[in-house]
Amino acid sequence: MTKQVNMKIDGKDVSVPADWTVIKACHENSVEVPHYCYHPDLSIAGNCRICMVGVKGMPRPVVACAQPVAEGMEVSTTGKDVEEARKGVMEFLLINHPLDCPECDQSGECKLQDYSYEYGRDHGRFHEEKVRKSKATMGPHVKYWGSRCIVCTRCVRFTDEVSGEGELNVIYRGDRSEIALFPGKNLDNPLSMNTVDICPVGALVSSDFLFQSRVWHLHSNPSVCADCAVGCNSRVDMDAKNLIKRIVPRRNDAVNKSWMCDHGRLSFGYTHENRLQKPKVHGKDASWKEARAAALELLSAPHSVALVSAWNTNEAMSAMKEFLNTEFPSIRIFGYANKTEADQTFPGFTISGDKNPNRAGLKQVLGVDPEASIQALAAENAAIGTLFLVHNIPGFELTRELKAIMDRAQNVVLLDFASGELLRYGNVAVALPTLTSFEKSGTFVNRQGIAQSFEPVMEPVTYGMPETEIVAGLGTALRATRPATGVLA
Amino acid sequence: MADATPFSPVILKHIHEPGSHTIEHYQARGGYETARNLVGTAEPASLVKIVEDSGLRGRGGAGFPTGKKWSFLAKGTGKPAYLAVNGDESEPGTFKDRYILEKDPHQLLEGVILTCWAIQSNHAFIYLRGEFILGYERLEAAVREAKAKGFIGKNIFGKNFDLKVVVMRGAGAYICGEETGMLSSIEGGRGYPKIKPPFPAVSGVFKCPTIVNNVETIAAVSHILKHGAAWHKQWGTEKSPGFKIFCLSGAVKNPGVYEVPLGITMREMIEVYGGGLIEGRTLKAVIPGGLSAPLLTPEMVDKCTLDYESLASLGSMLGSGGITVLHDGVDLMSAVYNTMRFYHHESCGQCTPCREGTGWLEKLAHKFHGGHAHSGDVDLVGEVAKNMRGRTICVLADAAAMPMQSYLQHFRGEFEKRTHEPAHVERLRTPRDEITPTAKRESVQHGAPNVVDVGMGMDRV
């Protein structure tokens, strides 16, 4: 543990580690210090000059982001000097800014707007012609509006320090400065959209979200990305029609810091497209009651097995295990997983090659390794009565292994949210619609072994149910067929 | 002190002799002997002590005591120490280092060798302004000559001490003359100044301890270590000992570089060395230390002596020693505009107040120059300059704001003379009923002529 120093922030005594900066000490003690270029997960640039605070004994305000804390330091985040300094910086930031908020994507979540309201002047004094800068397409997901840029260099530092490709830099000098790609480069690394998040203004915008919605029409809920074994903490933004508009990272130092990969942000389409809307029995829409009865009948077939994917939540797996062990003890449970590939490692982030959010959970709850488990089932090569397949993997490419197992089964009872290849393949007698991880609650255990629970971010868009409820329904339906027991009998 | 031996140039002594840039010429006048005697034998700390005792102050502009700076060099870091010699002389009105580089580069190299021994650095960078083609060629040739003689390279002077000297050229940016901006440029990046602290002496080029000194400072070091601290202190004032090269330009009869003891009067510099003002002109103002120094009015010039303290007490600075004399015929608004255009062009664009403020000041100065500034713009200029000062990583913002503030302070009348009431203000004062309906309709149909295009928004992606 590093040494602690005692200091005062706005008159309040605090004790902070000696290697912190003043801005960090302020933020950790819930004292607001405005900042553009400072980012907790990037190096210090100290160029925006808005984070100025007063330090007792210093002749003029200092930038809090570059000022190390010291024993006995007295910091004030208010006062005439500080307010004047911030007002001056706000004015400078806006003189060449186009003030095109009505058509800017950042509007509503823009630090320029926030701080202008908080610290700026009520009118402009700049009557000269503004500097015009270029617009550019930086990469497949990122566009650049030069005139809005305040050259905080967060994006430059991100590409240098986190994604590591270093595609971006500042070109030209003075108020002509703008962000540009190195010749022959393209901002197409798998982390490129983080530059959009960290851009404090509307200079770097997401081509995917561009003009899709005003941010004040969106409502947000926290979630956990299910796209790989990292389990990035995310925030899902939806519009009034409950359509997911974008996904952005939530900061979690233990898991994903402030970052998230582009794939994770953009792979929400499966929630709205190609869904299994209603239960199906032999390819025809059925009511839940009919489907439950059909499923229960099939499950009692001899030599049945259950196959549970590593995309299911701990809760789903646990419920499944409990139900099958109690009601159908002869059914053995196997696991399987989505494809895995090599990890993509960057200087400041790793995208897991394991495209399953809950491989660790599968091991914990069902006690099986998915690959070994499905291989063991494949190796048996005996006829299967009913295959109880709990799938829930979006964009799954049907493997030869799974095809062979489905071929061996007389009937398949499928739990999936998509009306995809799996549903059409083979002998799917009963299909029960489930929900995506955006519509249900649950827990995923990531590759570090951290169990992360999440709540539904939106109302279900189909008649599907979470696996736990499906299992509960099956159990109830099963017990309803038996003679009543107990005190009321 | 002033009654010591009459001063004759030290650093510039030989610049007019033909072949002064060659090693033969330099050795013929005893060159490299000091280095030969001291490197490998003298205790490095004793050399730092001599420079500290001599009171030599940095000649680049800030005037920080050189020996003190050397003593701040972080030791025991496990990293190599570097010397970076700043030859990016780009302060307008300054042209002293250029003479050293072009006419007497070996003198500089000897200073580099001695400094490197004193601070125990095996690697020196000499960073030159990109435009110094001749200086670069001569310095490169000098390094080659010194290398061939064994003064630079492995085991210099046969002693157990290696020294590598790298000559680098900038790409013509003023900001690369700022010490940390120069270090960024040496590292191969944009010439962005770095946040201090940490100071270069602790974490400089490539995050290693680095001493940054001006060309003239290093050239003076070779003389101080030859003659001793007391020799250096016989000239100058108590707090500004020694001699300094001044670059005299503007409305004087004999502009040029003059090496003089510190503490002579500004009048002496102008009248004696400069030969007085050009015929028929009187003095309007003097910019004493390069363009960024606040200017001096004639009354202040009378009180001014050429040392760090006197100029500081007058609210200006000795700076790089570039003295520019303005005569009474100079249009001050033209000078202001020219100054602001320079800083706008040269701001690196890193910090907000400088990036935006220099541009704004230029635009305002342009309005004053063209005579279409509004009356309120006079105060605005002052406020913009005030908002720029002391709010940035390096002092370029101050360098632009300080002259503007001093122009405004001393010549406010000239600013006010160039303002007028804007047309729209006059129109607003016109009673409403005097505006005819026809005129109204026309202005709607054809668009008001003074409507500025504010369509800065991007129309298409």
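Residues numbered from 1 in each chain as written. Chains lettered and ligands numbered in written order. Predicted model: local features only at pLDDT ≥ 70, side-chain atom pairs only at ≥ 80, totals over all residues.

**Structural notes on the overall build of chain B**
Then comes step 1: Tallying secondary structure elements over chain B gives 20 helices and 8 strands in all.
Then comes step 2: Viewed in the frame of its principal axes, chain B has a C-alpha envelope of about 95 × 60 × 35 Å.
Then comes step 3: Per-residue burial for chain B yields a buried fraction of 54% across its 461 residues.
Then comes step 4: Pairs at least 24 apart in sequence give 72% of the contacts found in chain B among residues at least 6 apart. (Helix = DSSP H or I, 4+ residues; strand = E, 2+ residues; numbered from the N terminus. Buried ≥ 20, exposed ≤ 12 C-beta atoms within 10 Å, placed from the backbone. Contact = placed C-beta atoms within 7 Å.)

**What to know about the overall build of chain A**
Then comes step 1: Looking only at helices and strands, chain A has 13 helices and 24 strands in total.
Then comes step 2: Counting over 489 residues, chain A shows a buried share of 51%.
Then comes step 3: Residue pairs at least 24 apart in sequence account for 66% of intrachain contacts in chain A once pairs closer than 6 positions are excluded.

**A word on the interface of chain A and chain B**
Then comes step 1: Taken residue by residue, the interface counts 35 residues in chain A and 28 residues in chain B.
Then comes step 2: Contributing elements (two or more residues each) for the side of chain A that touches chain B: α2 (80-95) and β7 (142-145) of chain A.
Then comes step 3: At 6 residues, the largest contribution of residues to the side of chain A that touches chain B is made by α2 of chain A.
Then comes step 4: Along the lines of polarity and charge, the residues of the side of chain A that touches chain B split into 16 nonpolar, 7 polar and 12 charged. (Nonpolar A, V, L, I, M, F, W, Y, C, P; charged D, E, K, R; others polar.)

**What about the sheet that holds strand β10 (residues 204-206) of chain A?**
All names here are of chain A.
Then comes step 1: The 3 strands lie next to each other as β6-β7-β10, forming an open sheet whose pairing is antiparallel. At either end of the open sheet lies a strand with only one pairing partner, and these are β6 (135-137) and β10. The mean inter-strand angle of the sheet, taken between neighbouring strand axes irrespective of direction, is 20°.
Then comes step 2: With 3 bridges connecting them, β6 and β7 associate as antiparallel partners. By the bridge assignment, lysine 135 is partnered in β7 with tryptophan 145. (Pairing = 2+ DSSP bridges. Axes fitted to C-alpha atoms, helices over the stretch in contact; angles between N-to-C directions.)

**Some details on the environment of phenylalanine 157 of chain B**
Residues and elements named next belong to chain B.
Then comes step 1: Turning to its location among the elements, phenylalanine 157 is positioned in the loop between α7 (133-148) and β3 (164-169).
Then comes step 2: Taking the C-alpha atoms as reference points, phenylalanine 157 and valine 39, 118 residues apart in sequence, are found 7.7 Å from one another.
Then comes step 3: Excluding residues within four positions of it along the chain, phenylalanine 157 makes contact with Ala35, Arg36, Val39, Gly40, Gly150 and Phe151.

**Structural notes on the environment of arginine 125 of chain A**
Then comes step 1: By the secondary structure assignment, arginine 125 of chain A is in the loop between α3 (111-119) and β6.
Then comes step 2: In this structure the C-alpha to C-alpha distance between arginine 125 of chain A and valine 170 of chain A, which are 45 residues apart in sequence, comes to 28 Å.

**Some details on the packing of helix α3 (residues 44-54) of chain B against helix α9 (residues 215-227) of chain B**
Residues and elements named next belong to chain B.
Then comes step 1: Remark: α3 packs on α9, axes separated minimally by 10 Å, with the N-to-C direction vectors making an angle of 100°. In terms of orientation, α3 lies roughly perpendicular with respect to α9. When α3 is examined against α9, the residues Leu47, Ile50, Val51 and Ser54 are found in contact with a partner set consisting of Val221, Ile224 and Leu225.
Then comes step 2: A breakdown of the residues in the contact of α3 with α9 according to their chemical character gives 6 nonpolar, 1 polar and no charged. (Parallel < 35°, antiparallel > 145°, perpendicular 65-115°, else oblique.)

**Remarks on the sheet that holds strand β7 (residues 283-287) of chain B**
Residues and elements named next belong to chain B.
Then comes step 1: If you trace the 4 strands from one edge of the open sheet to the other, you get β6-β5-β8-β7, paired in mixed fashion. Whereas interior strands pair on both sides, the edge strands pair on one side only; in this sheet they are β6 (256-261) and β7. Across this sheet, the average inter-strand angle for adjacent strands is 30°, counted without regard to direction.
Then comes step 2: In this sheet, β6 lies alongside strand β5 (residues 243-250) in antiparallel orientation, the contact comprising 6 bridges.

**Some words on unusual backbone geometry**
Glycine aside, residues mostly have negative phi angles, and peptide bonds mostly take the trans form.
Then comes step 1: Cis geometry marks the peptide bond from lysine 196 of chain B to proline 197 of chain B, where omega comes out at -10°.
Then comes step 2: Counting through the fold element by element, proline 197 of chain B comes out in the loop between α8 (179-186) and β4 (210-214).
Then comes step 3: Omega for the peptide link from proline 197 of chain B to proline 198 of chain B comes to 0°, which places this bond in the cis form.
Then comes step 4: Mapped onto the elements of the fold, proline 198 of chain B is located in the loop between α8 and β4.
Then comes step 5: Unlike most non-glycine residues, tyrosine 172 of chain A shows phi in positive territory, near 60°.
Then comes step 6: Positionally, tyrosine 172 of chain A belongs in the loop between β8 (168-171) and β9 (178-181).

**A short note on the pairing of strand β13 (residues 244-249) of chain A**
Residue and element names in this part refer to chain A.
Then comes step 1: Sheet analysis places strand β12 (residues 233-238) next to β13, joined by 5 bridges and oriented antiparallel. Note that in β13 the partner of serine 234 across the bridge is proline 249.
Then comes step 2: With antiparallel pairing between neighbouring strands as the criterion, β12 and β13 make up a hairpin whose turn holds 5 residues, including asparagine 242 at a positive phi of roughly 70°.

**Looking at the pairing of β6 of chain B**
Then comes step 1: Counting buried positions along β6 of chain B yields 5 of 6 residues, so the element is predominantly enclosed.
Then comes step 2: Between β5 of chain B and the antiparallel strand that follows it, β6 of chain B, lie 5 residues.

**Notes on the nonpolar core**
Then comes step 1: Among the nonpolar cores identified, the biggest contains 270 residues, and Ala84, Val112 and Ile113 of chain B are the most heavily contacted of them.
Then comes step 2: Non-local contacts of isoleucine 113 of chain B, meaning those with residues more than four positions away in its chain, are made with Ala35, Val39, Phe151, Ile156 and Leu163 of chain B.
Then comes step 3: Ranked by size, the runner-up nonpolar core spans 8 residues in total, among them Leu218, Val236, Met238 and Phe268 of chain A. (Core = buried A, V, L, I, M, F, W, Y, C linked by C-beta atoms within 7 Å.)

**Quick notes on α3 of chain A**
Given 3.6 residues per helical turn, the α-helix brings residues three or four places apart onto the same face.
Residues and elements named next belong to chain A.
Then comes step 1: Buried residues of α3: Lys111, Leu112 and Tyr115, and no others. All buried residues of α3 project into a common sector of 95° when viewed along the axis, lining one side.
Then comes step 2: On the buried face of α3, the contacting elements are α2. (Arc of directions from axis to C-beta.)

**Points about the packing of helix α6 (residues 105-119) of chain B against α7 of chain B**
Residue and element names in this part refer to chain B.
Then comes step 1: It is the contact of α6 with α7, at a shortest axis distance of 9 Å, that shows an interaxial angle of 55°. On the basis of their axis angle, the class for α6 and α7 is oblique. As α6 runs across α7, the sense of the crossing is right-handed. Contacts between α6 and α7 involve Pro105, His106 and Leu109 from the former and Arg138, Leu139, Ala142, Val143 and Ala146 from the latter.
Then comes step 2: Here the contact of α6 with α7 is built from residues that sort into 6 nonpolar, 1 polar and 1 charged. (Left-handed = near helix turned anticlockwise from the far one by under 90°.)

**Some points on the confidence of the model for chain A**
Then comes step 1: On average, chain A scores 94 in pLDDT, and the residues at 70 or more come to 99%.
Then comes step 2: When the elements of chain A are averaged for pLDDT, helix α12 (residues 421-424) of chain A gives the smallest value, 86, and β7 of chain A the largest, 97. (pLDDT = per-residue confidence, 0-100.)

**A word on the environment of valine 205 of chain B**
Residues and elements named next belong to chain B.
Then comes step 1: Among the secondary structure elements, valine 205 is positioned in the loop between α8 and β4.
Then comes step 2: Taking the number of C-beta atoms within 10 Å as the measure of exposure, valine 205 has 23 and is therefore buried.
Then comes step 3: Dropping the residues within four chain positions of it, valine 205 is found in contact with Tyr82, Ala84, Leu183, Ile186, Glu187 and Thr210.

**Side note on α2 of chain A**
Then comes step 1: Here α2 of chain A contains 16 residues, and its C-alpha end-to-end distance of 22 Å stays within 8% of the 22 Å for a straight helix at 1.5 Å per residue.
Then comes step 2: Within α2 of chain A, the full set of buried residues consists of Val82, Ala85, Arg86, Gly88, Val89, Met90, Glu91, Phe92, Leu93, Leu94 and Ile95 of chain A.
Then comes step 3: Looking at the buried side of α2 of chain A, the elements it contacts are β3 (52-55), β5 (74-76) and α3 of chain A together with α15 (352-370) and α16 (377-388) of chain B. (Expected span 1.5 Å × (residues − 1).)

**As for the confidence of the model for chain B**
Residues and elements named next belong to chain B.
Then comes step 1: Overall, the prediction assigns chain B a mean pLDDT of 90, with 90% of residues at 70 or greater.
Then comes step 2: Segment residues 439-461: pLDDT under 50, and 16 contacts once partners within four positions in sequence are set aside and those in other chains are kept.
Then comes step 3: Predicted as a complex, the structure gets a pTM of 0.91 and an ipTM equal to 0.90.

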